[in-house]
Amino acid sequence: MYVYLYDDFLKQKKYDGVIKAMETRLTDFGIAGKIIRLQNFTNAKAVIDDEIKKGVSAIVIVGNDRTFGHVLSRAATCEVLFGFLPVGPENSIAGVLGIPIGEMSCEILARRRKIKLDVGWFNNRYFVSQLYIPPSRISVEYDEKFKVTAKSLMELVVCNLQPFVWKGRKTGKQQVIHPQDGKLEAFLQPLRKRLWRTEYEEPSIFPFEEMQVFAKSPFVVKADGLESKETKIKIKLARSRIEMIVGKERKF
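As the structure is a prediction and not an experimental result, all values here were calculated from the model. (Residues numbered from 1 in each chain as written. Predicted model: local features only at pLDDT ≥ 70, side-chain atom pairs only at ≥ 80, totals over all residues. Heavy atoms only, no water.)

A. Seen up close, the pattern of salt bridges. Summed over all chains, the structure comprises 13 salt bridges. One salt bridge connects Arg-25 with Glu-103, and the closest N-O pair in it is separated by 3.3 Å. Of the two residues, Arg-25 is situated in helix 1 (residues 16–29) and Glu-103 in the loop between helix 4 (92–97) and helix 5 (105–111); the sequence distance between them amounts to 78 residues. Under the relative-accessibility criterion, Glu-103 is labelled partly exposed at 32%. Across the pair Asp-118 and Arg-241 runs a salt bridge whose closest N-O atoms are separated by 3.3 Å. Separated by 123 residues along the polypeptide, Asp-118 in the loop between strand 5 (114–117) and strand 6 (120–122) and Arg-241 in the loop between strand 18 (226–237) and strand 19 (242–245) bring together distant segments of the chain. Exposure remark for Asp-118: the relative accessible area of 3% places this residue in the buried category. (Salt bridge = Lys/Arg side-chain N within 4 Å of Asp/Glu carboxyl O. Helix = DSSP H or I, 4+ residues; strand = E, 2+ residues; numbered from the N terminus. Buried < 20%, exposed > 50% of the residue type's maximum accessible area, 1.4 Å probe, protein only.)

Shown next as structure tokens:
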């Protein structure tokens, strides 16, 4: 039995056509199933745990990057096969997984090509796509060996599934991370003042297993749709991994 978790934004009329086409294809493939519509307050883990007890064979996330992160950051420890049907804009993760946007994604789901993916962890929370700290006065120590500080503000992006996008002179350039290598990748990008403007320097890239970020003043942390203010966080690879259906054209 397949269970489909629909993001709330799919209620918009402009998505009616693609959703109907996808549901028809899923029926043709013999994998149509129960539909659950997510709300912002939905406890994804509780919903999935309940469906696992009923014998579900796959949980399929239907939506975009935000939907993907919302579900998996909360359900990373659930022992079930996950699938993803990307719909609409803001779908950078789909390309990494080799899944086309819209109706053609149903074919990838039907083929059930499965792999295990790394999961990130920080301060008792999971993240699967990306952790982001906007420019702040932070210090970083990784693998208990190296410490990085900046004279001014510094941005930190820890990537797992969501690609890193350069800022500054190489704006738009992306780097895809390998989500099966047993490490996370940190991109540290300091800012510097140039007379009348502030610009990003070239990022430094650090593969790591464990990292600590700390500061004298609270800094913002954004991870898979959740935002908090912290003065110290520990980031590392989680013990659990996610089993996911992917396409042949995945980028890792």
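B. View of helix 2 (residues 44–53). For helix 2, every residue scored as buried is listed here: Ala-44, Ile-48 and Glu-51. Along the axis of helix 2, the buried positions cluster into a sector of 60°, meaning they face one direction only. Its buried side turned inward, helix 2 meets strand 1 (2–6), strand 2 (34–37), strand 3 (58–63), helix 3 (65–75) and strand 4 (81–86). N-cap assignment for helix 2: the residue whose side-chain oxygen lies 3.2 Å from the backbone N of Lys-45 is Asn-43. After helix 2 finishes, the residue Gly-55 shows a positive phi value of roughly 95°. (Arc of directions from axis to C-beta. Contact = heavy atoms within 4.5 Å. Polar contact = N/O pair within 3.5 Å; in protein donor to acceptor, adjacent residues only side chain to side chain.)

C. Local environment of the sheet that holds strand 2. One open sheet holds the 6 strands; their spatial order is 2-1-3-4-19-5, and the pairing between them is mixed. Each edge of the open sheet is held by one strand with a lone partner, namely strand 2 and strand 5. Shown here is a sheet whose adjacent strand axes are inclined to one another by a mean of 30°, direction ignored. Running over the sheet, helix 1 touches strand 1, strand 2, strand 3 and strand 4 and is turned about 175° from strand 1. (Pairing = 2+ DSSP bridges. Axes fitted to C-alpha atoms, helices over the stretch in contact; angles between N-to-C directions.)

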